[in-house]
Amino acid sequence: MEFSQLVDYLRNYDGPKIRLMEVCGSHTHAISEHGIRDILSPNIELLSGPGCPVCVTPTAYVDKLIELSLINGTTVVTFGDLLRVPGSKESLNEAKGRGGSVEMVYSPMDVLDLAKRHPDRNFVFAAVGFETTAPIYTLLLDNVLSKGLKNIQILTALKTMPGAIGFLCENGANIDGFIAPGHVSAVTGAQYFDELASKYKIPFAVSGFAAKELIIAIYGLIQMVLNKDYSVKNFYTSVVDNEKNPIIEKQLAKYFEPADVAWRGMGIIENSGLILKEEYAQFDAGSIGLDVDNKKNKACRCGDILMGKAKPEDCPLFKKACSPMTPQGACMVSEEGSCFNAWRR
Ligand code: SF4
């Protein structure tokens, strides 16, 4: 079928209603950027799941970063996105305004230079992310060990996708098919989702991020839904293999082990994260037990949105009290957040 015919099919589709979910923040951003929703029939609903790392970070984690930033002699080092995510009372940025020591960097490796230049300070890196980001923290730890640096720790909020997707399938999100996360799949291989597909009888399509790649994957996923083909199809073969990357897997297993961790608005999900192994506990700045999720604005519906049970437009604060300038919840902060992307549509 010609590409233009695929677009026509998606535009004119009048079969049973189909609900698809992308579980990758970069897909959320790309779908919004390319206006993919605009070409879909009303019978095809695209939902954004829990794929934006800062969106799924519970408030207790942000509160802990704030607490650390206010300790004399300690600096919290983080990517920019996390600065504005609300904790239970305030954001890291607000804590910085009242004296917290916070540095924004573009790579976790930047903390090595900070630690060397300021040997009298402790630096805590906010290690958030998914399977894609976790490997770089292992490189950071390799460097910390090889350089003998004693003033670097990490605070982990590392998540793994299968636990969260299984949780969605078991908790009434009513999703007919998943656009599997492209970046995660590049690390884990497409077969990472095989077990979920057969267990929950739900298809997965691995997609790239270009408009054409997304349209092809969405078309393919719809055919899988209609044909009850509960498997994983890889539409991103230029980047994603079927098998996982053994080097990355070994590196992750060196420092991290699976754990039950908290997701914002979703609670503690079994076996859905990574924590430092006990032998590396000296590098942990207090990551265990950060499970509380006391949202600052009780009307925020980030949890429902991350689970596909509501859309940003269903939140009473959307485009009113909550905007990218005044985020009331994590989903409005990041360029990968559902609310942010709905706001700019
Ligand atoms: Fe939360 Fe704001 Fe989204 Fe509402 S619009 S769910 S307050 S982030």
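These remarks concern the structure in this document. (Residues numbered from 1 in each chain as written. Predicted model: local features only at pLDDT ≥ 70, side-chain atom pairs only at ≥ 80, totals over all residues. Heavy atoms only, no water.)

1. Thoughts on the sheet that holds strand E7 (residues 177-180)
- Spatial strand order, E2-E1-E7-E8-E9: five strands in an open sheet with parallel pairing. One side of each edge strand has no neighbouring strand; the edge strands of this open sheet are strand E2 (44-48) and strand E9 (232-234). Within the sheet, the average angular offset between the axes of one strand and its neighbour, ignoring direction, is 20 degrees.
- For E7 and strand E8 (residues 204-206), the ladder comprises three bridges, and the chain directions are parallel. Looking at E8, one finds that Ala 180 is bridged to Val 206. (Pairing = 2+ DSSP bridges. Helix = DSSP H or I, 4+ residues; strand = E, 2+ residues; numbered from the N terminus. Axes fitted to C-alpha atoms, helices over the stretch in contact; angles between N-to-C directions.)

2. Observations concerning the nonpolar core
- Within the largest apolar cluster, 97 residues are counted, with the highest numbers of intra-cluster contacts made by Leu 20, Tyr 61, Phe 178, Phe 193, Phe 204 and Ile 218.
- It is helix H10 (residues 211-226) that contributes the most residues to this core, nine residues altogether.
- Leu 141, Val 144, Leu 252 and Tyr 255 belong to the second-largest nonpolar core, a separate cluster that totals 25 residues. (Core = buried A, V, L, I, M, F, W, Y, C linked by side-chain atoms within 4.5 Å. Buried < 20%, exposed > 50% of the residue type's maximum accessible area, 1.4 Å probe, protein only.)

3. Description of the site of the ligand
- Around the ligand sit Cys 300, Arg 301, Cys 302, Ile 305, Cys 315, Leu 317, Phe 318, Cys 322, Gln 328, Gly 329, Met 332 and Cys 339, and that is every residue in its neighbourhood.
- Looking at the shell around the ligand, its residues break down into nine nonpolar, two polar and one charged. (Near = heavy atom within 4 Å. Nonpolar A, V, L, I, M, F, W, Y, C, P; charged D, E, K, R; others polar.)

4. Section: the environment of Asp 38
- Relative to the helices and strands, Asp 38 resides in the loop between helix H2 (25-33) and E2.
- For the pair Asp 38 and Asn 93, spaced 55 residues apart in sequence, the C-alpha separation works out to 35 Å.

5. Observations concerning the side chain of Ser 48
- Positionally, Ser 48 belongs in strand E2.
- For Ser 48, the side chain forms a polar contact with the side chain of Arg 37, separated by 3.5 Å.
- Sequence-distant contacts of Ser 48, that is, excluding residues within four places in its chain, are made with Met 21, Glu 22, Thr 28, Arg 37, Ile 305, Leu 306 and Ser 338. (Polar contact = N/O pair within 3.5 Å; in protein donor to acceptor, adjacent residues only side chain to side chain. Contact = heavy atoms within 4.5 Å.)

6. A short note on the packing of helix H5 (residues 110-117) against helix H6 (residues 134-147)
- Closest axis-to-axis distance for the H5/H6 pair is 10 Å, and the angle between their directions is 30 degrees. Comparing the axis directions of H5 and H6 gives the class roughly parallel. Considering how the two elements wind past one another, H5 and H6 form a crossing that is right-handed. Here Val 111, Leu 112 and Lys 116 of H5 lie close against H6, whose contacting residues are Leu 140, Asn 143, Val 144 and Lys 147.
- Of the residues contributing to the contact of H5 with H6, the split by class is four nonpolar, one polar and two charged. (Parallel < 35°, antiparallel > 145°, perpendicular 65-115°, else oblique. Left-handed = near helix turned anticlockwise from the far one by under 90°.)

7. Let's talk about the packing of aromatic side chains
- According to the stated counting rule, one finds 10 aromatic pairs in the structure shown.
- Taking the centre distance of 6.0 Å and the plane angle of 50 degrees together, the rings of Tyr 9 and Tyr 13 count as tilted.
- Taking relative accessible area as the criterion, Tyr 9 reaches 25% and is therefore assigned partly exposed.
- Judged by relative accessible area, which is 6%, Tyr 13 ranks as buried. (Phe/Tyr/Trp six-rings, centres within 6.5 Å; stacked < 30°, edge-to-face > 60°.)

8. Focus on helix H1 (residues 3-12)
- All buried positions along H1 are accounted for by Leu 6, Val 7 and Leu 10. The arc enclosing the buried residues of H1, seen along the axis, measures out at 100 degrees, which places them on a common side.
- Turning to H1, the residues buried within the fold contact E2 and H10. (Arc of directions from axis to C-beta.)

9. Overview of the pairing of strand E1 (residues 18-22)
- In terms of burial, E1 is largely enclosed, as four of its five residues are buried.
- As defined by bridge partners, E1 adjoins E2 across five bridges and the pair is classed as parallel. Bridged to Glu 22 within E2 is Ser 48.
- Chirality of the crossover, the property in question, places the unit of E1, H2 and E2 among those that are right-handed.
- Note that E1 and E7 share three bridges and pair parallel. Bridging across to E7, Met 21 finds its partner in Phe 178. (Right-handed = clockwise from strand over helix to strand, strands pointing away.)

10. Comments concerning unusual backbone geometry
- For Lys 201, which is not glycine, the phi dihedral falls at a positive 50 degrees.
- Mapped onto the fold, Lys 201 is located in the loop between helix H9 (194-200) and E8.
- Lys 201 gets classed as exposed once you look at its relative accessible area, which sits at 56%.

11. Quick word on the pattern of salt bridges
- Tallied over the full model, the rule gives 10 salt bridges.
- Note that Arg 344 and Glu 33 form a salt bridge whose closest N and O atoms lie 2.8 Å from each other. Here Glu 33 lies in helix H2 and Arg 344 lies in the segment after helix H13 (338-343), a separation of 311 residues in the sequence.
- Its relative accessible area of 31% is what places Arg 344 among the partly exposed residues.
- Salt-bridge contacts for Lys 311 lead to Glu 45; the nearest nitrogen and oxygen are separated by 3.0 Å. With Lys 311 in the loop between helix H12 (302-306) and H13 and Glu 45 in strand E2, the pair connects residues that are 266 residues apart, well separated along the chain.
- A relative accessible area of 33% places Lys 311 in the partly exposed class.
- Several salt bridges share partner residues, and in doing so they unite Arg 19, Glu 45 and Lys 311 into one network. (Salt bridge = Lys/Arg side-chain N within 4 Å of Asp/Glu carboxyl O.)

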